Amino acid sequence: MESKLIKTFTSHVNELITSEQERDHLFDALKKYQTSSDVIKLVSDLKRLINEPTKLEIYDTIRPLIRPQHQQQYDKLAPNSPGQKLRVIKLRRRTSESFGFAVRGGFEHGVGIFVSHVEPGSQAEMRGLKMGDEIVRVNGFTIGQAIHEEVLNLIKGRDEIELKVTNIGMVPIKQKPSDPVTWQYVDKPGSNKSQAIKSSGSENESVVKIFINLHGAPSLGCSIISGPTHFPGIFIESVRPGSLGEDYNLEVGDQIMEVNGKSFEKIKHKEAIVELKGSKELNMIIKKSVGLPLLNLKKKNVEGSPVPVRKETSNEQEPIQLEDSGEVICEILEEDLYAKVEKKHWAEEQEKLRKEKAEEAVREQLRQQKKLEEEQQEREEQERRWEEQERRRREEEERMREEEHMRELEELRIQEEEKHRAEQRKNEEKRKKEEAVRKQKELEERKRQEIAAKKQQVPMAKKRREKEKDFYRQVQYHKNQLSDDSLENYLTLSQSDSKDSELNLVSAVLAGRSGPSNSMKPTLLGAAPGAQTSFGSSGNTKEVEVILEDGTPLDIELEGGTGSPLGGKIVICEVYPGGSVDKSGGIRRGDQIVEVNGISFQDISLTEANEKIWQVEQECLPGDGIKFVVIESGLNDDDETTFF
């Protein structure tokens, strides 16, 4: 039979708890209970595992595994089982007073509407509304698919409401709208002393649910009686000492409300006996001590106490009052109150009780002996556990020492690896520095080679300068010999016949220089020979850095120099578009060059100026800057027009 209970229990647990890890925790909690017999710790562990209403049935599934002496305590600690009968709560709003309760939940959260708070002393509390009640109907309306706001409107909009509720014992919790719904247990009425005192008159507080397993036991060891029509029900009349009923804490005066789902409130005596003897497993609901007044009255009658009799002329029954209390206990017993109890059965029962008492004395002696043996075994077991704990402690210390040794070895290995990596980084940095030095040497070598190549081009420049000097001497010779028109024709002819670009440049510079010294024929920039020029006389001196781009020359044209009308000044007569000077934007036509990269351009010939410009340009690499110091020209664009 035990295997059948275990199979049923395992099947229910597998249906309600899908997580294997949670099932393992549940079985561990039950094992601890079987070892320690601590039902409070068991219920505490179960509440951590059973964390939503759909799993509350597990408490009833576990009930058969609870020891008899713990059944009633377990029922008081465990939450109510789901599926209880609905309770009807009627509330009427008083003047300037609320109903005294709050709700949470709703269809939008995927849960029903639950009572989350009941105000102490409020109308709701007095009417029996409890925290953890789920509201099923409001004024006849089913609210299973109602959102929170709709339920509030149903409640707030009326002065009288009728609620149908069932107690779940849990309330939903949601801290943020995005959080999932979690569940929290509420204290069960009567679960602590303060609640017991406060709700001592509550009907629910005296009702307990127990499971009785009669397999292997001859009987429950209790006798029952039926109450009269005005006090109906089945009550426990006696509990035999040492019986199974005593183990389950059944007491004289307890009323049997239900057995295996069948109500005993209006059942006949014979039917009750059939139900109680027809099964070896009894799921019973007991209301504690409510039949004591009835049994006390019977005891007085049996002992010969005067019993008021009913007047034959009256159909009504007079109430009987106890001597110690002015409270009415019940009406006069009907004449056939104990007619259902046969005298023979009573005598046999009394004889049986005497025999059982004698046997109980022997059993009690055996129990005491067994208890001593169990205590001895418990002490031995305790010593064994201590020895086992000491052994485990020593093993744990040894293991920790070994782990500490391994950690030290690992730290040494890590330090060696760090040292090796640091050495590798040092070697890598050294290699990079050597590589940088090598590249720097290669770069310097390339620069030296480029400078050497440039220096090889200097002789060619000297040859061109010789040609320019010869051409300039010829011009000087013919300057005083030829007329202005003849000189102009000569220069034009010389330019057309010459194939050398430098000679063309010189001829262009010297254009307009022919004629007598007192001639007022304008020069290239519009100044007559010997006249005072305004280049650099009043302009601002500024420094301009020109970045030499790869493949892009300076692209400027110069004029002036010693022996020219500009009086030894070197002036920029043209800045060609797209050149490096044009891109810098700081130099324009008519500016006088004072210095280039620290080389003075004052009182030198035009040929020397062109040669210096060329040398500076050749010595610089792409991306280098050439610093020009110039005097800004004061001429306008019209003044800079060249006349021939």
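Residues numbered from 1 in each chain as written. Predicted model: local features only at pLDDT ≥ 70, side-chain atom pairs only at ≥ 80, totals over all residues. Heavy atoms only, no water.

Visitor: So, the overall build of the chain: which residues are in play, and what are the values?
Guide: Within the chain one finds 17 helices and 22 strands. Of all intrachain contacts in the chain linking residues separated by at least 6 positions in sequence, the fraction that spans at least 24 positions is 63%. Accessible surface computed for the chain: about 40,200 Å², of which carbon and sulfur atoms make up 49%. (Helix = DSSP H or I, 4+ residues; strand = E, 2+ residues; numbered from the N terminus. Contact = heavy atoms within 4.5 Å. Areas by Shrake-Rupley, 256 points an atom, 1.4 Å probe, with all protein chains shown as cover.)

Visitor: Explain the side chain of glutamine 123 residue by residue, including any values.
Guide: Inspection of the secondary structure puts glutamine 123 in helix 6 (residues 123-126). Under the relative-accessibility criterion, glutamine 123 is labelled buried at 5%. Here the side chain of glutamine 123 touches arginine 92 through a polar contact of 2.5 Å, landing on its backbone oxygen. Contact partners of glutamine 123, with chain neighbours within four places excluded, come to Leu91, Arg92, Arg93, Arg94, Glu97 and Phe99. (Buried < 20%, exposed > 50% of the residue type's maximum accessible area, 1.4 Å probe, protein only. Polar contact = N/O pair within 3.5 Å; in protein donor to acceptor, adjacent residues only side chain to side chain.)

Visitor: Explain the packing of helix 2 (residues 20-36) against helix 3 (residues 39-49) to me, and be specific about the residues and the numbers.
Guide: Contact geometry of helix 2 with helix 3 gives a least axis separation of 9 Å together with a crossing angle of 175°. By the criterion of interaxial angle, the relationship of helix 2 to helix 3 is roughly antiparallel. For the pair helix 2 and helix 3, the contacting residues are Glu22, His25, Leu26, Ala29, Leu30 and Tyr33 in the first and Val39, Leu42, Asp45, Leu46 and Leu49 in the second. (Axes fitted to C-alpha atoms, helices over the stretch in contact; angles between N-to-C directions. Parallel < 35°, antiparallel > 145°, perpendicular 65-115°, else oblique.)

Visitor: Tell me about the nonpolar core, residues and numbers included.
Guide: With 26 residues, the main nonpolar core has Leu26, Leu46, Tyr59, Ile62 and Tyr74 as its most contacted residues. Going through the elements one at a time, helix 1 (2-16), helix 2, helix 3 and helix 4 (57-62) are the ones with two or more residues in this core. The element that contributes the greatest number of residues to this core is helix 3, accounting for five residues. Isoleucine 62 has contacts with Phe9, Leu26, Leu30, Leu46 and Tyr74, leaving out every residue within four places of it along the chain. Val546, Leu548, Ala609 and Ile626 belong to the second largest nonpolar core, which has 23 residues in total. (Core = buried A, V, L, I, M, F, W, Y, C linked by side-chain atoms within 4.5 Å.)

Visitor: Before we move on, can you summarise the confidence of the model for the chain with the specific residues and values?
Guide: In the predicted model, the chain carries a mean pLDDT of 76, and the fraction of residues at 70 or more is 73%. Within the chain, no element has a lower average pLDDT than strand 15 (residues 319-321), which sits at 30, and none a higher one than strand 20 (residues 592-596), at 93. Contacts of residues 192-205 to residues separated by more than four positions or lying in other chains number 13 contacts, the stretch itself having pLDDT below 50. Contacts for the low-pLDDT stretch residues 305-342, under 50 throughout, to residues beyond four places or in other chains number 53 contacts. (pLDDT = per-residue confidence, 0-100.)

Visitor: An account of the pairing of strand 4 (residues 133-138) is needed here, citing residue identities and associated values.
Guide: Direction of pairing for strand 3 (residues 111-118) relative to strand 4: antiparallel, over a ladder of two bridges. Its bridge partner lying in strand 4, phenylalanine 114 is registered against glutamate 134. Pairing analysis gives two bridges linking strand 4 to strand 5 (residues 141-142), with the strands arranged antiparallel. Bridging across to strand 5, valine 138 finds its partner in phenylalanine 141. (Pairing = 2+ DSSP bridges.)

Visitor: With reference to specific residues and values, describe the pattern of salt bridges.
Guide: Under the definition given, this model contains 41 salt bridges. Between aspartate 75 and arginine 63 there is a salt bridge, with the nearest N and O atoms lying 3.1 Å from each other. Pair noted here: aspartate 75 is in helix 5 (residues 71-77) and arginine 63 is in the loop between helix 4 and helix 5, with a separation of 12 residues, a long-range link. The pair aspartate 75 / arginine 63 is uniform in exposure class, with both members buried. With a shortest N-O distance of 3.1 Å, glutamate 632 and lysine 542 are connected by a salt bridge. Of this pair, glutamate 632 sits in the segment after strand 22 (625-631) while lysine 542 sits in strand 17 (residues 541-547), and the two are 90 residues apart along the sequence. (Salt bridge = Lys/Arg side-chain N within 4 Å of Asp/Glu carboxyl O.)

Visitor: I'd like a rundown of unusual backbone geometry, residues and numbers included.
Guide: For serine 37, which is not a glycine, the phi torsion comes out positive at approximately 60°. For serine 37, the position within the fold is in the loop between helix 2 and helix 3. Of note, aspartate 555 is a non-glycine position whose phi angle comes to about 60°, a positive value. The topology assignment puts aspartate 555 in the loop between strand 17 and strand 18 (556-560).

Visitor: Outline the packing of aromatic side chains, listing residues and values.
Guide: Counted by the stated rule, this structure contains three aromatic pairs. Considering the side-chain rings of phenylalanine 231 and phenylalanine 235, the 5.5 Å spacing of their centres and the 75° angle between planes classify their relative orientation as edge-to-face. No difference in accessibility class separates phenylalanine 231 from phenylalanine 235, as the two residues are buried. Across the ring face of tyrosine 185, the terminal group of lysine 47 is positioned such that the distance to the ring centre comes to 5.4 Å. (Phe/Tyr/Trp six-rings, centres within 6.5 Å; stacked < 30°, edge-to-face > 60°. Lys NZ or Arg CZ within 6 Å of the ring centre and 35° of its normal.)

Visitor: Give a detailed account of a nonpolar patch on the surface, specifying residues and quantitative values.
Guide: Residues Met406, Leu409 and Leu412 make up a contiguous nonpolar surface patch of roughly 290 Å² in combined accessible area. Along the chain, leucine 412 falls in helix 12 (residues 343-456). (Patch = residues over 30% accessible without salt bridge, like charges linked within 9 Å, V, L, I, M, F, W, Y side chains within 5 Å.)

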